[in-house]
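The primary structure of each chain is shown beneath.
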Amino acid sequence: AVSIHNNIDCVMHSNPSFDPFPYMLVEHRLQQRLSCLPHEDIWRAVRALEAASVSCVADGEFRMAAIARQCGMSVRSAQRKARQAGTTLGDILDTARLEHLTKMVRGDPLIPAYKLARAAGYSDERALRRALLKWTGSSLTDFRRGHDLV
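Conventions we followed
- Residues numbered from 1 in each chain as written.
- Predicted model: local features only at pLDDT ≥ 70, side-chain atom pairs only at ≥ 80, totals over all residues.
- Heavy atoms only, no water.
- Helix = DSSP H or I, 4+ residues; strand = E, 2+ residues; numbered from the N terminus.
- Buried < 20%, exposed > 50% of the residue type's maximum accessible area, 1.4 Å probe, protein only.
- Areas by Shrake-Rupley, 256 points an atom, 1.4 Å probe, with all protein chains shown as cover.
- Core = buried A, V, L, I, M, F, W, Y, C linked by side-chain atoms within 4.5 Å.
- Contact = heavy atoms within 4.5 Å.
- Salt bridge = Lys/Arg side-chain N within 4 Å of Asp/Glu carboxyl O.
- Phe/Tyr/Trp six-rings, centres within 6.5 Å; stacked < 30°, edge-to-face > 60°.
- Expected span 1.5 Å × (residues − 1).
- Arc of directions from axis to C-beta.
- Polar contact = N/O pair within 3.5 Å; in protein donor to acceptor, adjacent residues only side chain to side chain.

## Describing the overall build of the protein chain
Moving on, step 1. Helix and strand counts for the protein chain come out as nine helices and zero strands.
Moving on, step 2. Sorting the 150 residues of the protein chain into buried and exposed places 33% on the buried side.
Moving on, step 3. Roughly 9,700 Å² of accessible area belongs to the protein chain as shown, and the carbon and sulfur atoms make up 55% of that amount.

So this is what it looks like as structure tokens:
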């Protein structure tokens with residue numbers, strides 16, 4: 001637990017006119033905010049979900065059930081853990097898809113759009129283009145330009 005009482009006691013001892021109330025109020029508010037943060041087990045679960053989603057996407061698996069199963073969770077538990085960490089299971093999957101696409105474009109900047117779409121789990125190029133626009137705010141062409149490191 002975070003505590004500033006020892007510092008307040010030292011200051012009060014050296015300065016009898018010191019008013020500790022404002023500092024105690026700050027400490028109380030800090031404790032309230034810290035208690036609202038997700039616990040370490042939630043962060044561990046989300047990191048596991050992120051790693052599982054990267055693995056699943058690389059294997060061509062895009063179902064949330066596969067990601068949750070790889071972590072030993074139900075889909076509902078995985079969704080709950082993600083929400084408690086301030087994200088969603090869909091966002092975690094989308095991030096893994098975007099990472100996978102980025103690696104593919106870096107490896108071959110001229111890879112056809114239909115192959116990128118298929119590799120990201122989309123039925124066609126239009127769905128991929130919509131997803132890229134949503135994720136990055138850019139077109140497929142701009143996405144390729146931004147990741148062309150050759």
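Let's pick the thread back up.
## Overview of the nonpolar core
Moving on, step 1. Counting 19 residues, the largest nonpolar core has Leu49, Ile67, Met73 and Ala78 as the members making the most contacts within it.
Moving on, step 2. Elements supplying a minimum of two residues to this core: helix H3 (40-58), helix H4 (64-70), helix H5 (75-84) and helix H6 (89-107).
Moving on, step 3. Considering each element in turn, this core owes the most residues, seven residues, to H3.
Moving on, step 4. If we skip the residues at most four places from it in the chain, isoleucine 67 touches Leu49, Ala52, Ser53, Cys56, Leu89 and Leu93.
Moving on, step 5. Counting 17 residues, the second largest nonpolar core, distinct from the first, contains Met104, Leu116, Ala131 and Trp135.

## Examining the pattern of salt bridges
Moving on, step 1. Within the structure shown, the criterion is met by eight salt bridges.
Moving on, step 2. The salt bridge partner of glutamate 40 is arginine 47, with a shortest N-O separation of 2.9 Å.
Moving on, step 3. Assessed through its relative accessible area of 43%, glutamate 40 is described here as partly exposed.
Moving on, step 4. Look at arginine 47 and you get partly exposed, because its relative accessible area is 42%.
Moving on, step 5. For lysine 134, the salt bridge goes to aspartate 94, with nearest N and O atoms at 3.7 Å. In this pair, lysine 134 is assigned in helix H8 (residues 125-136) and aspartate 94 in helix H6, connecting sequence segments 40 residues apart.
Moving on, step 6. Accessibility expressed as a relative area gives 63% for lysine 134, which makes it exposed.
Moving on, step 7. In this structure aspartate 94 comes out as buried when scored by relative accessible area, which is 13%.

## Some thoughts on the packing of aromatic side chains
Moving on, step 1. The final tally for this structure, using the stated rule, is one aromatic pair.
Moving on, step 2. Ring geometry for tyrosine 122 versus tryptophan 135: centroids 6.3 Å apart, planes at 50°, classification tilted. Here tryptophan 135 lies in helix H8 and tyrosine 122 lies in the loop between helix H7 (113-119) and H8, a separation of 13 residues in the sequence.
Moving on, step 3. Looking at tyrosine 122, the relative accessible area reads 18%, which means it is buried.

## Quick word on H8
Moving on, step 1. Compared with the 16 Å implied by 1.5 Å per residue over twelve residues, the 16 Å span of H8 between its first and last C-alpha is a close match.
Moving on, step 2. All buried positions along H8 are accounted for by Ala127, Leu128, Ala131, Leu132 and Trp135. Around the axis of H8, the buried residues are gathered within 135° of arc, so they sit on the same side. Residues of H8 that are exposed and angled more than 90 degrees away from the buried face: Arg126, Arg130, Leu133 and Lys134.
Moving on, step 3. The N-terminus of H8 is capped by aspartate 124, whose side-chain oxygen sits 3.2 Å from the backbone nitrogen of arginine 126.
Moving on, step 4. Just downstream of H8, glycine 137 is the residue with a positive phi angle, here 75°.

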